[in-house]
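# Observations on the model geometry
What follows is each chain in one-letter form.
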Amino acid sequence: MDPALLRERELFKKRALATPTVEKKKKDADIIPSQKDESSKKKSKPPSSSSAGPKLDVVNYKTMSHSSQYKFGVLAKIVKHMRSRHQEGDDHPLTLDEILDETNQLDVGSKVKQWLLTEALVNNPKIEVSPEGKFIFKASYKIKDKKSLLRLLKQHDLKGLGGILLEDVQESLPHCDKALKALQNEIIYISRPIDKKKIVFYNDKTAALPVDDEFQKLWRSVAVESMDDQKIEEYLEKQGIRSMQDHGPKKPMPHKRKKPNQRKKQLKKPRDNEHLADVLETYDDK
């Protein structure tokens, strides 16, 4: 081979290596259709199971968790307002829009309104629905003045039902303080030892008996709160008092079972014509 051609070839290689080259990207027209389909498949891969579900938004989570609290907060405010207006003497029923207007809750949404109309107010034990579809407070007792309260206490006393909780009276009777002050000589307050709640009783003056002061002092000096009936009975027996034996609930006596009779029954022979024994003997002698 000619040495001049070899030298030119070597110089061409050096120049080619020395000059930088930029590789051009293939256009879509230059790509083969099969390669294009494969690349599109790679791009449109289905998302993994971890990212398949919708992302939980923090704002939506807070609104979902507080939605029930908000609804019941609206309901509690309505019930409290209806109770207070009943105690003030306003006993006419109201529509839902009127209630929301009086409680400054007109910004309530349509879903909450629907829940109040169909479920919350209808099923609430302290709210009553009128025939016109309006709402009114449902008190524990239907009493309007001091006369109806005194009548109710008398009925409870006659039927042996006891007294009425003071908080129920305050809830049911409008202007309760004035009525209780006017009836202070007709009623008695007793605190319940369990929870210290006051109970109102009718003061039946016909059952009042005069008790000697000395007996009252002796009665109050004896503490029997921590003693049961058996200990009281033992104490009375030691003091020689037996008048309390016939009082109080009697313990039922256990019934004794009769033992079965183990003797065998003897069959009795028939006694035919025993009343004619003498007559038959005299007849045979003849």
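Above this text you will find the structure in question.
A short tour of the structure in this document, coming up.

## Some details on the nonpolar core
Ranked by internal contacts, the top residues of the largest apolar core, which has 19 residues, are Leu75, Ile78, Leu116 and Leu121. Among residues more than four places away in sequence, those in contact with Leu121 are Leu75, Ile78, Leu96, Leu116, Ile127 and Phe135. If you look at the next biggest cluster of nonpolar residues, it comprises 16 residues, including Ile164, Leu166, Leu180 and Leu183.

## Focus: the packing of aromatic side chains
Given two aromatic rings, their pairing is described by the distance between the two centres and the angle made by the two planes. Applying the stated criterion across every chain yields a total of two aromatic pairs. Considering the side-chain rings of Phe72 and Trp115, the 5.3 Å spacing of their centres and the 80 degrees angle between planes classify their relative orientation as edge-to-face. Residue Phe72 is found in helix α4 (residues 58-87), and its partner Trp115 is found in helix α6 (residues 110-123); the two are separated by 43 residues along the sequence. Considering the side-chain rings of Phe215 and Trp219, the 6.3 Å spacing of their centres and the 35 degrees angle between planes classify their relative orientation as tilted. Of the two residues, Phe215 and Trp219 are both situated in helix α10 (residues 213-221); the distance of four residues between them amounts to about one turn of the helix.

## Let's talk about the environment of Thr118
Tracing the backbone through its elements, the reader meets Thr118 in helix α6. Among the residues examined, Thr118 registers a relative accessible area of 43% and is labelled partly exposed. Among the polar contacts listed, one links the side chain of Thr118 to the backbone oxygen of Gln114, at a separation of 2.6 Å.

Rules used in this analysis
Residues numbered from 1 in each chain as written. Predicted model: local features only at pLDDT ≥ 70, side-chain atom pairs only at ≥ 80, totals over all residues. Heavy atoms only, no water. Core = buried A, V, L, I, M, F, W, Y, C linked by side-chain atoms within 4.5 Å. Buried < 20%, exposed > 50% of the residue type's maximum accessible area, 1.4 Å probe, protein only. Contact = heavy atoms within 4.5 Å. Phe/Tyr/Trp six-rings, centres within 6.5 Å; stacked < 30°, edge-to-face > 60°. Helix = DSSP H or I, 4+ residues; strand = E, 2+ residues; numbered from the N terminus. Polar contact = N/O pair within 3.5 Å; in protein donor to acceptor, adjacent residues only side chain to side chain.

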